[in-house]
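Reading the structure
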Amino acid sequence: MNEIIDINDPLIKEFISLKQSVLDEKYVVVESKNVFKKLFSTNTKIHKVFTTKENIEFIEENCPKIDFPIFTANNEIMKKIVGHKIHQGMMAVIDRPKFISFDEIKGNVVVLNGLTSPENVGSIVRSCAAFNINTLIIDEKTCSPFIRRCIRVSTGNLFNIKVYKSFNLEADLIKLKTNGYSVLTTANAPQAVSLHKYKFTQKSAVVIGSEGHGADKEIFDLSDTILKIDIDEEVTSLNAAIAASIVFYQLSTNL
C-alpha cells in the first residue's frame, strides 16, 4: 500500500475528477462498494485502487486475489476529489470490458436506439441483469455503458452483461430477424399492442428508443410488433428506464 498526501500526486491522476467519463479506449474508472463487489467476482483486470484506509478490510475480505497496487489517503484528501459522496472513498482503474461480436449474441436481447442519459442506460443494464437478459445491443448514438456513471448506476451489473455495439443497427436487426428473432419496439402508437396482451417468443429483441424521440423511423418500420404500456391517458409517456423495466418483467414471466 502507498499513502497519498497530496491531491496532485500523479499516481492518482486518473481519480481526480468524476467529470472525466472514460480514460481512453482501454481503461475506465469505477467507484463504490456495490460496484467493487461485482467487480471482484469477475476476471476483469484491476490496475490500481485508490481508497481510504477504512476500506482495506472490505477489499481483503471480498477480493480473492490482490495483485494490484493500492493507494490510500485520509478522508480530507478524498473529500477534495469531485464527487466524493458518489465514489464513497473507493475507486479503481480497470480494463474496459470488451464488446462481443454479432455471432456471440444469444437469448433475449435489449436494443438501445439513441439513449443519451447515463442514468437511463445504467438503470436499463441493472434491469437486464435483474430479469436474466444477458445481452445488450447499443447503436452509435447511445451513451456508452462503460462510462463510470453508467457502471455506478448499474451497481456493477454491467460486469454480468454482454454488450454488442452496432454500427448499422437497421442491418443488424434485419440479421436478427433472419436468425429467428422477433423485433419489438416500445411506443405509444395507434397500431401498438398492449403489453399485457402480448405473448413473447423465445427469441425477442426489445428496442428501447431515445428519451426524446423514441425509436428511429427505420427501426420502427422494421419492427415485428409495436408494444405499449397501458397507462393513464393524462400521462403521455414513462421514463425510458422505467418503461424498459416493466417490459423486461413481462418478458421474464410471459414466455
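Predicted model only: the values in this text are computed from it and were never measured.

**So, the nonpolar core**
By size, the foremost hydrophobic cluster in this structure holds 49 residues, and its most contacted members are Val30 and Ile124. Here this core gets 6 residues from one element, more than from any other, and that element is helix H9 (residues 240-253). Apart from residues lying up to four places away in sequence, Val30 is in contact with Val35, Phe36, Leu39, Met90, Met91, Ala92, Ile94, Ile151 and Phe159. With 17 residues, the next largest nonpolar core counts Phe102, Ile137, Leu173 and Val207 among its residues.

**A closer look at the side chain of Arg148**
Looking at the element boundaries, Arg148 is found in helix H6 (residues 148-153). At 3.3 Å, the side chain of Arg148 forms a polar contact with the side chain of Glu31.

**Points about the packing of aromatic side chains**
The full count for this structure, using the stated rule, is 6 aromatic pairs. Where Phe36 meets Phe40, the ring centres are 5.5 Å apart and the plane angle is 90°; that geometry is what we call edge-to-face. With Phe36 and Phe40 both in helix H1 (residues 33-40) and 4 residues apart, the pair spans about one turn of that helix. Residue classification places Phe36 among the buried residues on the basis of a relative accessible area of 0%. Residue Phe40 is classed as buried on the basis of its relative accessible area, which comes to 7%. Where Phe99 meets Phe146, the ring centres are 5.1 Å apart and the plane angle is 45°; that geometry is what we call tilted. Within this pair, whereas Phe99 is found in the loop between strand S5 (90-95) and strand S6 (109-113), its partner Phe146 is found in the loop between strand S7 (135-138) and H6, the two being separated by 47 residues in sequence.

**Quick notes on the sheet that holds strand S3 (residues 46-51)**
The mixed open sheet is built from 5 strands, whose spatial order is S1-S4-S3-S5-S2. Every interior strand has two partners, whereas the edge strands, strand S1 (2-3) and strand S2 (27-31), have only one. For S3 and S5, the ladder comprises 5 bridges, and the chain directions are antiparallel. Looking at the pairing, Lys48 lines up with Val93 of S5.

**Quick look at unusual backbone geometry**
Positive phi values are uncommon outside glycine, yet Asn132 reaches one of about 60°. Here Asn132 shows up in the loop between helix H5 (118-130) and S7. Its identity is not glycine, yet Thr155 carries a phi of approximately 50°, on the positive side. Overall, the relative accessible area of 14% leaves Thr155 in the buried class.

**Side note on the pairing of S7**
Going residue by residue along S7, you find Thr135 and Ile137 tucked away on one face and Leu136 and Ile138 tucked away on the opposite face as well. The pairing of S6 with S7 spans 4 bridges and is parallel. What sits directly across from Leu112, in S7, is Ile138. For the handedness criterion, the β-α-β arrangement of S6, H5 and S7 is classed as right-handed. One ladder, built from 4 bridges, connects S7 with strand S8 (residues 162-165); its direction is parallel. Residue pairing in the sheet places Leu136 in a bridge with Val163 of S8. Running through H6, the crossover from S7 to the neighbouring parallel element S8 is right-handed.

**Concerning the state of the cysteines**
Enumeration according to the criterion identifies 0 disulfides in this entry. For the unlinked cysteine Cys143, the closest cysteine sulfur is that of Cys150, found at 3.7 Å.

Quick notes on the rules
- Residues numbered from 1 in each chain as written.
- Predicted model: local features only at pLDDT ≥ 70, side-chain atom pairs only at ≥ 80, totals over all residues.
- Heavy atoms only, no water.
- Core = buried A, V, L, I, M, F, W, Y, C linked by side-chain atoms within 4.5 Å.
- Buried < 20%, exposed > 50% of the residue type's maximum accessible area, 1.4 Å probe, protein only.
- Helix = DSSP H or I, 4+ residues; strand = E, 2+ residues; numbered from the N terminus.
- Contact = heavy atoms within 4.5 Å.
- Polar contact = N/O pair within 3.5 Å; in protein donor to acceptor, adjacent residues only side chain to side chain.
- Phe/Tyr/Trp six-rings, centres within 6.5 Å; stacked < 30°, edge-to-face > 60°.
- Pairing = 2+ DSSP bridges.
- Right-handed = clockwise from strand over helix to strand, strands pointing away.
- Disulfide = S-S within 2.5 Å.

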